[in-house]
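# Structure at a glance
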Amino acid sequence: IKLDAFFVACSNGHLELVKFFQKERGVDLKTVRNIGSPLHWACSGGHLPLIEYLIAEGLPTDAHDVKKNTPLGIAKANGQQLAVELLQNKYGVKK
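Residues numbered from 1 in each chain as written. Predicted model: local features only at pLDDT ≥ 70, side-chain atom pairs only at ≥ 80, totals over all residues. Heavy atoms only, no water.

## Regarding the side chain of Gln 22
- One can find Gln 22 in helix H2 (residues 15-24).
- At 3.0 Å, the side chain of Gln 22 forms a polar contact with the side chain of Glu 57.
- Excluding anything up to four places from it in sequence, Gln 22 contacts Val 27, Leu 29, Tyr 53 and Glu 57. (Helix = DSSP H or I, 4+ residues; strand = E, 2+ residues; numbered from the N terminus. Polar contact = N/O pair within 3.5 Å; in protein donor to acceptor, adjacent residues only side chain to side chain. Contact = heavy atoms within 4.5 Å.)

What follows is the structure, encoded as structure tokens:
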């Protein structure tokens, strides 16, 4: 249940809750499930502060989910243009 709540927090952009899970509950931010990494989930909703935090914490921007989607691809597919621009312009993400 802890991981399910963690991924819900990521998908809803709850930065402080993500930090709580990381620091107080020991959730590894690099946890990847078949549905993607926390960065995939943050990008799906265009949650810029959380995206920046996760990248600063070392999450790879080129991770793939089981369908071979990257966080950038997820942001594009969900119409999250600001997230796309952030990934491309600030972090140099190409795919």
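## Overview of H2
- Buried residues of H2: Leu 15, Val 18, Phe 21 and Gln 22, and no others. Viewed end-on, H2 has its buried residues packed into an arc of 125°, placing them on one side of the element. Opposite the buried face of H2, by more than 90 degrees, sit the exposed residues Glu 16, Lys 23 and Glu 24.
- At the exit of H2 stands Gly 26, carrying a positive phi of roughly 75°. (Buried < 20%, exposed > 50% of the residue type's maximum accessible area, 1.4 Å probe, protein only. Arc of directions from axis to C-beta.)

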